[in-house]
Amino acid sequence: MNDQGISRRSVLHTTGAAGAALGIGALGTTSAEAAAATGTDAPPRSAPTMVGVPFEPRSAVRVALVGLGNRGAGMLELFLTLKGVRVVALCDSVRDKAAAAAEKVTKAGQPAPALYTKGERDYENLCRRGDIDLVYIATPWEWHHPMAKSALSNGKHTGVECPLAMTLEQLWELVDLSERSRRHCMQLENCAYGRNEMRVLRMAHAGLFGDLLHGAGAYLHDLRELMFDPEYYEGPWRRKWHTRLKGDLYPNHGFGPVANYMDLNRGDRAVRISSVGSPALGLAAYRKEHMPPGDESWKESYVSADLSVSLVQTAKGRVIRLEHDVSNPRPYSRINTLGGTRGVFEDYPPRIYLEPDRDDHEWGDFEDYASWDHWLWKEHPDPPGGHDGMDYLMLYRLVQCMRLGLTPDFDVYDAATWTAPVPLSHASIRAHGAPQDFPDFTRGHWRTPRPGTDSPRPD
């Protein structure tokens, strides 16, 4: 869901550089695998935790957007609908995209934003500005870490599209930078704000599922046509990652909501992951049928498992199943399952079975539990924007927390946890499913219960 627009030339250059930096071009031993071997060994803390740290209250949130392709341009429109938001700067190496975005800002009645379009590193100049409260990053994945690093280093709160980074080393660096800078680095996980996800979250926290036992989440989405479209994924950068990593390239949409149900980093935590993967055949089959001879895609060898399946175990013994498949024909699904001692919810389509409400071994109607909708959905029953309104609610809530000086619903520790299956699943598949230790990015603070996405409505 983060479809972006850095220039074709810069993407091709940086994607190759990212592959070299990760040590995955030839599928040798990777830095991610080396880190996974000692995944629970947290580096020494150099600053206090960011757990429970509120934003500084402010009357308006000054936002800068980096990356103005499909995702960034769409999110800009939502930022412009929110009270108390001023868009002060825009960055994209394709100047026409930045100019088109700037026109949206002025049409919304705001002053013309500053534009940063001079090459692939002009975002560094944007981050040095003194009039920015939040840097929002919607660029190809290999840019997420350096851009978030620049924003944090310059004292800016940072929101990053999925995934946060591509290696454990990069995740730890952003955790440390968030702590040292005293600025939040957040994974802007829109699926955590889906209506079904938020309803299940409230029900789970109210005990309707009994003691929680297991959950499942996924990103199952046929992206073949889009990944071979050089205009949709310029470069095309997203397809290139299927030549580098074997595992789950996009765990956040499935993992984030289930992690919220189970209060990971808030009383429980992920401790290990085991992953297996199917053969990588789907993209090559699609290329054979649809791409002409001589297309640059014929130079690529795909190694990412068409279907990866990961099992995550938590400190309390719960089990979370994650799946990823974007290379084969199938309907869209995030699976979104939660089970406990009193029943189970399964999504796509939504259905539920809870005792004592049912004793007939037949699925019940999830709409019978509409009274459990989160207060955000009760206040905004028909939110604007894409993805069924969850993009809007995510930004609305973020801006609300920043303006009122509240603690964000999720923090850098959640961002790192939800992204860690990217390198860890690759390492596990390379090791024939061998378990990989999950880092404790909180450095022990996970033991203390605290609010998250189920935070109470502010007065």
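Since this is a predicted model, take the numbers as computed values, not measurements. (Residues numbered from 1 in each chain as written. Predicted model: local features only at pLDDT ≥ 70, side-chain atom pairs only at ≥ 80, totals over all residues. Heavy atoms only, no water.)

A count of helical and extended segments in the protein chain gives 16 helices and 14 strands. The C-alpha atoms of the protein chain give a radius of gyration of 21 Å, which matches the 23 Å a tight globule of 459 residues would have. In terms of overall dimensions, the protein chain has a C-alpha envelope of 65 × 55 × 45 Å along the principal axes. Counting across all 459 residues of the protein chain, residues that qualify as buried make up 60%. For the protein chain, contacts bridging at least 24 residues in sequence account for 78% of all contacts bridging at least 6. (Helix = DSSP H or I, 4+ residues; strand = E, 2+ residues; numbered from the N terminus. Rg over C-alpha atoms; globule rule 2.2 N^0.38 Å. Buried < 20%, exposed > 50% of the residue type's maximum accessible area, 1.4 Å probe, protein only. Contact = heavy atoms within 4.5 Å.)

Glancing now at the nonpolar core. The biggest cluster of nonpolar side chains holds 103 residues, and the ones touching the most others in it are Leu126, Phe209 and Phe255. Shared between two domains, this core takes at least three residues from each, and those domains are domain 1 (61–188) and domain 2 (191–376 + 410–447). Not counting residues up to four positions away in its chain, the partners in contact with Leu126 are Ala64, Leu65, Val66, Ala89, Leu90, Cys91, Tyr116, Ile132 and Val135. Met166, Leu223, Phe228 and Tyr233 belong to the second-largest nonpolar core, a separate cluster that totals 19 residues. (Core = buried A, V, L, I, M, F, W, Y, C linked by side-chain atoms within 4.5 Å. Domains from an automatic or database assignment.)

A few words on the UniProt feature "domain: Glycosyl hydrolase 109 C-terminal" (unreviewed entry) in the protein chain. Here the UniProt-annotated "domain: Glycosyl hydrolase 109 C-terminal" (unreviewed entry) positions come out as residues 198–364. Note that residues 198–364 is 21% helix and 26% strand, and that its end C-alpha atoms are spaced 18 Å apart. (UniProt positions renumbered as here; feature names shortened; annotations may be inferred.)

Following the sequence through the fold, Lys246 ends up in the loop between α10 (237–240) and α11 (252–261). On a C-alpha basis, the gap between Lys246 and Cys401 in space is 37 Å, while along the polypeptide they are 155 residues apart.

What follows covers the side chain of Glu300. As for its position among the elements, Glu300 is in the loop between α12 (282–290) and β9 (308–314). In this structure the side chain of Glu300 is engaged in a polar contact, spanning 3.2 Å, whose partner is the side chain of Lys240. (Polar contact = N/O pair within 3.5 Å; in protein donor to acceptor, adjacent residues only side chain to side chain.)

So, on to the pattern of salt bridges. Taken as a whole and assessed by the stated rule, the structure comprises 31 salt bridges. A salt bridge links Lys107 to Glu103, with the nearest nitrogen and oxygen atoms 3.4 Å apart. Taken together, the residues span about one helical turn, with Lys107 and Glu103 both in helix α4 (residues 95–107) at a distance of four residues. Its relative accessible area of 67% is what places Lys107 among the exposed residues. (Salt bridge = Lys/Arg side-chain N within 4 Å of Asp/Glu carboxyl O.)

Attention now moves to the domain arrangement of the protein chain. Taken domain by domain, the protein chain holds domain 1 (61–188) and domain 2 (191–376 + 410–447). The gap between the C-alpha centroids of domain 1 and domain 2 is 25 Å. Across the boundary between the two partners, domain 1 contributes 24 residues, which contact 26 residues of domain 2. Buried surface at the junction of domain 1 and domain 2, both sides included, amounts to about 2300 Å², of which 70% is carbon and sulfur. The largest share of the area that domain 1 buries against domain 2 comes from Trp141, Met166 and Trp172, three residues that together contribute 28% of it. At the junction of domain 1 with domain 2, the criterion picks out three salt bridges. Across the contact surface, domain 1 and domain 2 share ten residue pairs in polar contact (both at pLDDT 80 or more). Put simply, the parts of the chain that give the side of domain 1 that touches domain 2 at least two residues each are α6 (141–153), α7 (168–181) and β6 (185–187). When residues of the side of domain 1 that touches domain 2 are assigned to their parent elements, the largest contribution, eight residues, is made by α7. Counted by class, the side of domain 1 that touches domain 2 contains 15 nonpolar, five polar and four charged residues. (Buried area = accessible area lost by both parts, 1.4 Å probe. Nonpolar A, V, L, I, M, F, W, Y, C, P; charged D, E, K, R; others polar.)

This part takes up the packing of aromatic side chains. Overall, the coordinates contain 17 aromatic pairs when judged by the stated rule. Each ring, one from Trp141 and one from Tyr250, has its centre 5.8 Å from the other, and the planes form 20°; the classification is stacked. Within this pair, whereas Trp141 is found in helix α6, its partner Tyr250 is found in the loop between α10 and α11, the two being separated by 109 residues in sequence. Side by side, Trp141 and Tyr250 carry an identical accessibility label, which is buried. (Phe/Tyr/Trp six-rings, centres within 6.5 Å; stacked < 30°, edge-to-face > 60°.)

As a further point, take helix α14 (residues 390–404). Taking 1.5 Å of rise per residue, 15 residues should cover 21 Å, and α14 covers 21 Å from first to last C-alpha, within 8% of that figure. By the criterion of burial, α14 is predominantly enclosed, with twelve of the 15 residues buried. Here α14 has its buried residues at Met390, Asp391, Tyr392, Leu393, Met394, Leu395, Arg397, Leu398, Val399, Gln400, Cys401 and Met402. In the stretch just after α14, Gly405 is the one whose phi turns positive, near 75°. (Expected span 1.5 Å × (residues − 1).)

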